[in-house]
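Below are the chains, spelled out letter by letter.
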Amino acid sequence: MSLKCFRGFCCLPAALALSLILSAAPMRAAEPLCYRGINLSGAEYGEKGGTIGKDYIYPSEATIAYFAAKGMNSIRLPIKWERLQPLLNQRLDADEMDRLRASVLSIRRAGLTVILDPHNYGYYDKQQIGSPAVPNSAFADFWARLAVEFAGQPDIVFGLMNEPYDVTAPAWLEASNQAIAAIRAVKANNLILVPGTIWTGAHSWEKDIAGGSNATVMLGIRDSGNNFAYEFHQYLDSNYSGTHSACDRNEDARQALVKVSAWLRKNGKRGYLGEFGGSKQQACITGLSALTETVAEDSDVWIGWAYWAAGEWWPEDEALNIQPRKGQDRPQLAALLPALQAGPADPSRCRAP
C-alpha cells in the first residue's frame, strides 16, 4: 500500500493509522465492580469474651436494609477471633457461631454478600500471629474451622485478617499461605482477601521495610483454588490513618490507588479496597468520590470497595461515621451515591472459577 505524501510528510491511510494506534495502546473495557459496600462495625468490640448487647453487637436488620436500599451489595463484617475461638486449636464457640450465622442470614435476606473480617490486626489475645504463643498453625486452624462452616457458599468471602501492622512481609506471607492452604484443605473454594503488612496501606505497598516490601514479598501468595484478591486500605488524612477530620492527602491517596492498579495489572492480580473513609468536610467528600472513581475506572483489576464505617454503636460525632441518625443520611453518602448508582454490581464475576 502506497503512502500519501504532502509537503515532504507521508501519511498512512486513516483506517490503517487508527488500527495501529489501537493496537499500540489497547483500551481496557470497563467491567462492573463485584462489590460496593460498607463496614458494619460492632461485633469486634470489647475484649475477649464479653456479653452480647452490652460489650458488642451484630448489625441490626434495619441498618442492613438501609445500606442495601442505598445500592450497596456487600457488608464487610468485622468479628473477633478470640470470641469465636476462646481457646486456640479448639472448637469454635457454639453460641457465638449461632450469633454469627444469624447475622449472616440477615445480610443474605437483604441480598448482600458477607465479607468475614477477623478484626485482630495480626494478633490473638494480645499475642502476635507467628509468635510461640500463637504459631501460624493456630491461625490456620482457626481458618479451617471457620471456613468449613461456610465452604462453597459464593456469597461468603473470607478476609484473612484486618491490618497486620508490625510484622515483616516474609513472616506475614508464611502465615497467610498456611491459612489459605487450611481453607482449601476443607474444600472451601470461597474468594479470599489477602492483606499485606503495614496496615495493608495502598500508599505503603511498595515501601521497602525489613524483609522487603509488600509489593515484592506478597507475590509469593499461593492459592490452590486460584481465587484470591489482595486487600488494600487507603485514607485521606495527613498520615493516612483515618483518625483525623481533615483530608489533606486527597491526591496522594488517589495516586496510591493508581500505582496499585499498575502493580496489579503488571502481575495479573486483583485488588479490593477494604477500607477508606473521610469526614463530612467538603474536601473529604471530593476525595472519597475520586477514590471510588479510580477503582471503577480500573475495574479490570479492582473487584470493589467497602467504606469505613457504620454501626449502631458508633459515636454520632465520630468523623468517618455514616450510620444514619433520625432517618437522615450522612453527608459522606453523597460521595458514594454516584458510584452506587452507576449500574449493577456483578458479584458473579469474582466467584470461584
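Preceding block: the structure.
All values reported here derive from a predicted model rather than from experimental measurement.

**Concerning the overall build of the protein chain**
Phase 1: In terms of helices and strands, the protein chain carries ten helices and twelve strands.
Phase 2: On C-alpha atoms alone, the protein chain measures out to a radius of gyration of 22 Å, which is about the 20 Å that the 2.2 N^0.38 rule sets for 353 residues.
Phase 3: The dimensions of the protein chain, computed from C-alpha atoms along their principal axes, are 85 × 45 × 35 Å.
Phase 4: Residues counted as buried form 52% of the 353 residues belonging to the protein chain.

**Some words on the sheet that holds strand β3 (residues 35-40)**
Phase 1: Strand order in this closed barrel of eight strands is β3-β4-β5-β8-β9-β10-β11-β12, and the pairing throughout is parallel. This sheet shows a mean twist of 25° between the axes of neighbouring strands, independent of strand direction.
Phase 2: Of the strands in this sheet, β10 (228-233), β11 (271-275) and β12 (302-310) touch helix α8 (residues 250-267), which is tilted by about 165° from β10.

**With respect to the nonpolar core**
Phase 1: Leu100, Leu116, Leu146, Phe158, Tyr230 and Trp302 are the most contacted members of the largest nonpolar core, which totals 89 residues.
Phase 2: For this core, the element with the most residues is helix α6 (residues 169-185), which contributes seven residues.
Phase 3: With sequence-adjacent residues up to four places away left out, Leu100 is seen in contact with Tyr58, Leu77, Ile79, Leu84, Leu116, Leu146 and Phe150.
Phase 4: Among the nonpolar cores identified, the runner-up in size contains eleven residues, and Cys34, Leu191, Tyr272 and Cys350 belong to it.

Here is what the cut-offs are and how they apply
Residues numbered from 1 in each chain as written. Predicted model: local features only at pLDDT ≥ 70, side-chain atom pairs only at ≥ 80, totals over all residues. Heavy atoms only, no water. Helix = DSSP H or I, 4+ residues; strand = E, 2+ residues; numbered from the N terminus. Rg over C-alpha atoms; globule rule 2.2 N^0.38 Å. Buried < 20%, exposed > 50% of the residue type's maximum accessible area, 1.4 Å probe, protein only. Pairing = 2+ DSSP bridges. Axes fitted to C-alpha atoms, helices over the stretch in contact; angles between N-to-C directions. Contact = heavy atoms within 4.5 Å. Core = buried A, V, L, I, M, F, W, Y, C linked by side-chain atoms within 4.5 Å.

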